[in-house]
Amino acid sequence: MIAIADDLARALRSARFVAVLSGAGVSAESGVSTFRDALTGLWANFDPLELATPSAFRRNPKLVWDWYAERRAQLARVLPNPGHHAIARIEASVPRFLLATQNVDGLHARAGSRRLVELHGNIARVRCSEDPRHAVEAWDDVGDEPPRCAHCGAYLRPDVVWFEESLPAQALCAAEAAARACDLLIVAGTSGEVYPAAALPQYAKAAGAIVLEVNPAATPLSARADYALRFPSGEALPALVRAAWGEDAMAGQPSCAESSREGGNGAR
Ligand code: OAD
């Protein structure tokens, strides 16, 4: 049983504008690996410089393509967890809302989040590596190189943001505007190590918002937080929703056990 402070529950219930910044930790209970957790994090086991930069793709396009193709296939088998559902429930319960996620797994949308910007893209999408405007719906994944763009013949690549690349401008602008305008910013499941997303709590705090961190571990963002729930988000966020809107507010939502049943460790 997670105790939620009365004034935090009240702040959520009475907020006119709630913003959420989410990171890989929110999907951890769906069986998706985070990036920086020791031992289990993707970047503890794979070198991001070999897999998640434009130069890595130029050097070895097939290696990068295959790594993302495998993650895409794994992510297709996982389900949103109660943390994702709680965020969708908050959206449905407050007048204004924006979720800015760093996650590329699409689980927030599958849980029902609609006012959502994907700061780092979405792994389910594929696009031309030369022209980002050329998104591709279907492709043939055979042979010893990535499939090619029908317009220009360049390789296709996952529609995610790599290190050294800019974030989608519209998504970032919307996230920054929300951070500056919200009454309450919930920062869930992110290490706060990757900018510009990690600057959002700073903007919110400077503009007078209440900042809540939901993360079992402290992060560089913790110093800016007014409240911290040091629990997994799949437990803390539903508890927060119930504290704000009553015990029935999360009724009918799947449990953590149900959401990890399909994906399990297969997605790691
Ligand atoms: P990280 O892997 O850096 O951080 C995950 C955070 O989630 C850590 O602070 C954990 O303590 C926390 N965490 C773990 N389990 C949790 C749980 N059940 N509930 C809540 N929190 C939990 O992931 P991000 O901060 O999302 O970028 O990483 C940011 C970006 O770095 C990613 O979007 C990715 C990566 O390189 C790109 O791919 C461009």
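What to know about the pairing of strand S4 (residues 121-128)
And then number 1: Across the eight residues of S4, six count as buried, placing the element largely inside the fold.
And then number 2: Relative to strand S6 (residues 156-160), S4 is paired through four bridges, and the arrangement is antiparallel. Opposite Cys128, over in S6, you have Leu156 as the bridge partner.
And then number 3: Judged from the two bridges that link them, S4 and strand S5 (residues 135-136) form a sheet pairing that is antiparallel.

Structural notes on the site of the ligand
And then number 1: Surrounding the ligand, one finds 24 residues, the nearest of these being Phe35, Arg36, His120, Thr190 and Ser191.
And then number 2: Here an oxygen atom of the ligand and a side-chain polar atom of Thr190 are 2.6 Å apart.
And then number 3: The protein chains hide 91% of the 800 Å² of surface that the ligand would expose on its own.

Re the sheet that holds strand S1 (residues 17-22)
Backbone-to-backbone hydrogen bonds pair the strands of a sheet. The strands run either parallel or antiparallel.
And then number 1: Reading across the sheet, the six strands line up as S3-S2-S1-S7-S8-S9 and stay open at both edges, with parallel pairing between neighbours. Each edge of the open sheet carries a strand with a single partner, namely strand S3 (116-118) and strand S9 (227-229). Mean inter-strand twist for the sheet, computed between neighbouring axes without regard to direction, equals 15 degrees.
And then number 2: Relative to strand S2 (residues 96-101), S1 is paired through six bridges, and the arrangement is parallel.

Comments concerning the nonpolar core
And then number 1: Within the largest apolar cluster, 29 residues are counted, with the highest numbers of intra-cluster contacts made by Val18 and Ile186.
And then number 2: At the level of secondary structure, the elements contributing two or more residues to this core comprise helix H1 (6-14), S1, helix H7 (82-93), S2, strand S7 (184-188), strand S8 (210-214) and helix H11 (233-245).
And then number 3: Ranked by the residues each element gives to this core, the list is headed by H11, at six residues.
And then number 4: Excluding residues that lie within four positions of it along the chain, Val18 makes contacts with Leu12, Ile90, Val94, Arg96, Phe97, Leu98, Cys182, Leu184 and Ile186.

Section: the sheet that holds S4
And then number 1: Read from one edge to the other, the open sheet built from three strands follows the order S5-S4-S6, with strand pairing classed as antiparallel. On the outer flanks of this sheet lie S5 and S6, each paired with one strand and no other.
And then number 2: Each of S4 and S6 touches helix H6 (residues 61-75); the most contacted strand, S4, lies at about 135 degrees to it.

What about H7?
And then number 1: Relative to the 16 Å expected for 12 residues at 1.5 Å per residue, H7 spans 16 Å between its end C-alpha atoms, a close match to the ideal helical length.
And then number 2: The buried fraction of H7 amounts to nine of the 12 residues, a majority that puts the element mostly inside the structure.
And then number 3: Backbone nitrogen of Gly83 and a side-chain oxygen of the N-cap are separated by 2.7 Å at the start of H7; the cap is Asn81.

What to know about the pairing of S8
And then number 1: Counting buried residues along S8, four of its five residues qualify, which places the element largely inside the surrounding structure.
And then number 2: In this structure, S7 lies alongside S8, joined through five bridges in parallel fashion. Each bridged residue has a counterpart across the sheet, and for Ala188 the counterpart in S8 is Val214.
And then number 3: Taken together, S7, helix H10 (residues 200-206) and S8 constitute a β-α-β crossover, and its handedness is right-handed.

With respect to the packing of H7 against H11
And then number 1: Two elements in contact, H7 and H11, have axes whose closest approach is 7 Å; the angle formed by their N-to-C orientations is 30 degrees. Our classification of the angle between H7 and H11 gives roughly parallel. The two elements H7 and H11 cross, and the hand of that crossing is left-handed. Two secondary-structure elements touch here, H7 through Pro82, Gly83, Ala86, Ile87, Arg89, Ile90 and Ser93 and H11 through Ser233, Gly234, Leu237, Pro238, Val241 and Trp245.
And then number 2: Grouping the amino acids of the contact of H7 with H11 by side-chain chemistry returns eight nonpolar, four polar and one charged.

Parameters at a glance
Every chain is numbered independently, its residues counted from 1 as its sequence is written. It should be noted that, the model being predicted, local features are given only for residues of pLDDT at least 70 and side-chain atom pairs only at 80 or more, the latter also being counted only at that level, while totals for whole chains, interfaces and linings use all residues. The side-chain figures draw on all heavy atoms in the structure; neither hydrogens nor water molecules are used. Only protein chains enter the calculation, and the probe is 1.4 Å; a residue is then buried if its accessible area is under 20% of its type maximum, exposed if over 50%, and partly exposed in between. Under the DSSP-based scheme used, a helix requires at least four consecutive residues in state H or I and a strand at least two consecutive residues in state E, with every element numbered from the N terminus. Any two strands with at least two DSSP bridges between them are considered paired. Throughout, near means a residue has at least one heavy atom within 4 Å of the molecule or strand. Think of a polar contact as two N or O atoms within 3.5 Å of one another; within protein, one of them needs to be a possible hydrogen donor and the other a possible acceptor, and neighboring residues in sequence only count if both atoms come from side chains. Each accessible area value is a Shrake-Rupley result obtained with a 1.4 Å probe; residue values ignore everything except the protein chains displayed when judging cover. For helices, the fitted line uses only the C-alpha atoms of the stretch in contact; every axis is such a line through C-alpha atoms, and the angle between N-to-C directions lies from 0 to 180 degrees. Nine residue types can take part in a nonpolar core, namely buried Ala, Val, Leu, Ile, Met, Phe, Trp, Tyr and Cys, and a core is a set of them joined through side-chain atoms within 4.5 Å. Contacts are residue-level and defined by heavy atoms, with any inter-residue pair within 4.5 Å sufficient. To estimate the expected span of a helix, count its residues, drop one, and scale the result by 1.5 Å. When the strands point away from the viewer, a crossover counts as right-handed if the route from the first strand across the helix to the second turns clockwise. In these notes the angle categories are as follows: under 35 degrees is roughly parallel, over 145 is roughly antiparallel, 65 to 115 is roughly perpendicular, and the rest is oblique. Handedness of a helix crossing follows the sense of rotation of the near helix relative to the far helix, less than a right angle counterclockwise being left-handed and clockwise being right-handed. Here the nonpolar group is Ala, Val, Leu, Ile, Met, Phe, Trp, Tyr, Cys and Pro; Asp, Glu, Lys and Arg are the charged ones; every other residue, Gly included, is treated as polar.

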